[in-house]
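Residue-level listing of the chains:
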Amino acid sequence: MTTGQTYNLAQENLKYQTPPASILQLADYERAPSVSIDTKKEYMLLSYFSTYKTLADLNQQEMSMGGLRINPVTNIGSSINYINNLKVRKVIDAETVQVKGLPENPRITFVTWSPDEKKIAFTHTSAYGVELWVLNVASASATRLTEPIVNANLGNPLNWYRNSRHLLIRLLPKVRPALINPKNELPDGPIVSVSDGSKSQNRTYPDLLKNTSDEINFVTLTTSELHKIDLNGKSELFKGEDMYAGESFSADGKYILVTTLRKPFTYIVPLNRFPQLSIVYDLAGKEVKTVNVVPLSEVLPKGFMAVRKGKRGLSWRPDQPSTLYFVEALDGGDPSVKVEYRDALYQWKAPFKEDPVFVSKTISRFSHVIWGNDSVAVLQDEWYDTRNEKTYLINPERADENPRIINDRNFQDIYSDPGNFETVKNEYGKYVLAIENNNLYSVGEGHTPQGQFPFVDEFNLKTLKSKRVYQSAYTDKMEEIIDVEDYKRGEALVRIQSKNEYPNYYFRNINKKNELTQITHFPNPFESIKDVYKEVIKYKRRDGVELSGTLYLPAGYDRTKKEKLPLLIWAYPAEYKDKHSAGQSTANPNEFTFPYYGSFVYWVTRGYAVLDDAAFPIIGEGQTEPNDTFIEQLVSNAKAAIDAVDSLGYINRRKVGIGGHSYGAFMTANLLTHSNLFACGIARSGAYNRTLTPFGFQSEQRNYWDTPDVYNDMSPFMNADKMKTPILLVHGEADNNPGTFTLQTERYFQALKGLGAPARMVILPKEQHAYVARENILHLLWEQNRFLEENLK
């Protein structure tokens, strides 16, 4: 085992390692399938995933451009998480049926039920490309419809026609140019970018276009043909070559909205801000109307609530046969402009002979709309700076009526959350508001100061009053209400778990509180920690803000003798605008204990106390921004957490470690730099120099030049000379998260090493921001265990 002196020596030539047996047993588990149930509750589809990818899965050809990472051989995103098996089950039966005819070594994604729910389309990625397949649900048999010629480089390539007998699919052009290898190309000139004086405060986006070769390759990779394919695999061309980025059918299935990418491209923002063209076609492919032309959006006003000018969110109304809706900014998209209303909602009926019709407007920035019928819709807006959201009840056919505000709240105030309105499939097979006897229904998570008690509320459209029709009463289990299946009968789909019982699905009759029918029986794969002690503890920091965290103690630990244990804290800071919201807790002691690499829970098997998901609120009330006192609040949160566990008598407060991922890594480095509370820390995939993210980061809207002291004071890199505590730095080699490029860890480590700080850096090959390969994750757990044993045991 290495000693602390090793940190300042050269790199180690180390092969992959595995963690101790108690951790390996938990990490090497079989993942339960995901469940999808049809709306008739007749069949369920079970989709099976590998627990981890392999390093070989990550070692594929990849091209990065326009914000995409693409495998140019298979023509699909290189980071897709594939399904490796499908099974079907009648909901009322216990036996699952293996789907017949699946491809060898299935790599399945884009699973999509047909409108009549008798078929399921999906893609399979072979070594040569993406194929289209269809599954007959009743017979549990799969059939291939195409060769590996599907183009999934811009995401989901398939859409069902309303008749459930045809699919609209993006296919590779029959003649496709060869890709350019930039390394083999001699440039014919320099790369030139121009600023015309317009302010454009863009974040540090990854994987952008860099040169003309990238532009040419981007066009090649994103260009498709649209084909209509029947269930026998017969194909006919619908539209010729273009950069198709989105297709959707009107509710009645008679029109298709098609959006394509256009030029000019840009090297400073990703493809979602490239020019776009949206055209509506009829089923014969005849153009009906050009409905939107979006220019290049390089320049946006400052702030999270900034949006571009023009039509946004262009989509089909699900409750009308063929009506588009969209919103437009009334403030020019600029949050700094003072106006009475920020956005206007419009609708536009096909065949678009008349102009769009005004429907309603929002005080703050439009968030979303849930359509119900001709006279009922629910509209929601939001404003980040104040954390405010408002919910409106509107009559889409009466634009002269002012929208009625039915909720006006702080969206971070989870104790006042009224829940989300339920939706059901209508005659078009589209989801609309569930309206029964002039009532809407909402399902809420039910967080309260006393615990979590999910609920179903009935909201009357005349009185605008809510009536609670069901609330979970569990104090020893955790119930999630997935949705209400039948409002008259009171049938709901729920998922129930406890700290030792794996989450399983049930049908519950909310009118008959005790009527419960279990429909899945997934076992607990983590039996070895079933006797671990688990408790949600609540405590206060010195300014009175309520905090909480989930405390784990080793199995068999005597809480009366109180042997002093080393403590591990895992956390992630969150910004708030008021102390009341910051002090609320979503922690539930009855949530199933699911150890994974994103926490320290594994180490409860190694004799550590673990405080998981410790609350680390950063608060800025009124005109004060949270980050103005970031360091002070960070240290105060940490001290309160240690004090709370220490007051219970369980820990040696001189042996406390801290850890976090991403912004949690940033937190960890700052705590080790600016406090003496910790013996060591583990920082994974973080950003440590905020001058490299000069136009904002996390929830910070101000730029570096607005507030240079905040950026510098918060940057561990700028304070590397103060670091004296051992730190383990981990980063994925191919991190593509905005602001946390691998360079951040490499430069921070170089600073620490040059200044003589005790640091170890581990770069995980091929990994992005989240780690997925089994070899890397097991080695990570080994690295963390060795580091903790050295510094805390």
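Conventions used here
Residues numbered from 1 in each chain as written. Predicted model: local features only at pLDDT ≥ 70, side-chain atom pairs only at ≥ 80, totals over all residues. Heavy atoms only, no water. Core = buried A, V, L, I, M, F, W, Y, C linked by side-chain atoms within 4.5 Å. Buried < 20%, exposed > 50% of the residue type's maximum accessible area, 1.4 Å probe, protein only. Helix = DSSP H or I, 4+ residues; strand = E, 2+ residues; numbered from the N terminus. Contact = heavy atoms within 4.5 Å. Phe/Tyr/Trp six-rings, centres within 6.5 Å; stacked < 30°, edge-to-face > 60°. Axes fitted to C-alpha atoms, helices over the stretch in contact; angles between N-to-C directions. Parallel < 35°, antiparallel > 145°, perpendicular 65-115°, else oblique. Nonpolar A, V, L, I, M, F, W, Y, C, P; charged D, E, K, R; others polar. 1 Å grid on protein atoms, 1.4 Å probe; cavity = no way out; pocket = protein on both sides within 12 Å on 5 of 7 lines; lining within 4 Å. Points joined across faces, edges and corners; volume = space filled by probe spheres on them. Pairing = 2+ DSSP bridges.

(A) Seen up close, the nonpolar core. Counting 59 residues, the largest nonpolar core has I569, L611, F678 and I727 as its most contacted members. Take this core: its biggest share by element is nine residues, from helix α5 (residues 630-647). Dropping the residues within four chain positions of it, I727 is found in contact with A669, L672, G681, A683, Y748, L752, P758, A759, R760 and F787. One finds V91, I519, Y602 and I777 within the second-largest nonpolar core, a separate group that totals 48 residues.

(B) The arrangement of the packing of aromatic side chains in detail. As enumerated under the stated definition, the model contains 39 aromatic pairs in all. Pairing Y572 with Y663 gives two aromatic rings, centres 6.2 Å apart and planes at 55°, and the pair type is tilted. Linking Y572 in the loop between β42 (565-571) and β43 (574-576) with Y663 in helix α6 (residues 663-674), this pair joins segments that are 91 residues apart in sequence. Residue Y663 is classed as buried on the basis of its relative accessible area of 2%.

(C) Spatial organisation of the side chain of E117. Tracing the backbone shows E117 in the loop between β8 (108-113) and β9 (119-125). Looking at E117, the relative accessible area reads 8%, which means it is buried. If sequence neighbours within four positions are ignored, E117 has contacts with D38, T39, K40, V137 and K425.

(D) Broad picture of the packing of α5 against α6. Where α5 contacts α6, the two axes come as close as 10 Å, and the packing angle between them is 85°. With respect to their mutual orientation, α5 and α6 come out roughly perpendicular. Residues F630, I631, L634, V635 and A638 of α5 lie in contact with α6, whose contacting residues are Y663, F666, M667, N670, L671 and H674. Considering only residue class, the contact of α5 with α6 consists of nine nonpolar, two polar and no charged.

(E) Representation of empty space enclosed by the protein. Summed over the entire model, instances satisfying the criterion amount to one cavity of 30 Å³ or more. In this structure, the largest cavity occupies an estimated 40 Å³ of space. Taken together, K499, N500, I529, K530, V532, K534, Y552 and T593 make up the lining of the largest cavity.

(F) Structural view of the pairing of β42. Counting buried residues in β42 gives seven out of seven residues, a clear majority hidden from the surface. Both β42 and strand β46 (residues 651-661) contribute to a ladder of five bridges, which runs parallel. For L565, the partnering residue across the bridge sits in β46 and is I651. Two elements, β42 and strand β44 (residues 609-614), share four bridges in a ladder whose sense is parallel. Its bridge partner lying in β44, L567 is registered against A609.

(G) A look at the sheet that holds strand β37 (residues 491-497). If you walk across this open sheet you meet the four strands as β36-β37-β38-β39, and the pairing is antiparallel. Of all the strands in the sheet, just β36 (478-486) and β39 (516-518) have a single pairing partner and so form its edges. For this sheet, the mean inter-axis angle between neighbouring strands, taken without regard to orientation, is 30°. As paired strands, strand β38 (residues 504-509) and β39 are joined by three bridges and run antiparallel to one another. Across the sheet, residue F507 finds its bridge partner in β39, namely T517.

(H) Expanded view of the sheet that holds strand β24 (residues 365-373). The sheet built from four strands is open, its strands ordered β24-β25-β26-β27 with antiparallel pairing. Two strands bound the open sheet, and with one partner strand each, they are β24 and β27 (404-410). This sheet shows a mean twist of 15° between the axes of neighbouring strands, independent of strand direction. One ladder, built from seven bridges, connects β24 with strand β25 (residues 376-383); its direction is antiparallel. Note on β25: the bridge partner recorded for F366 is D381.

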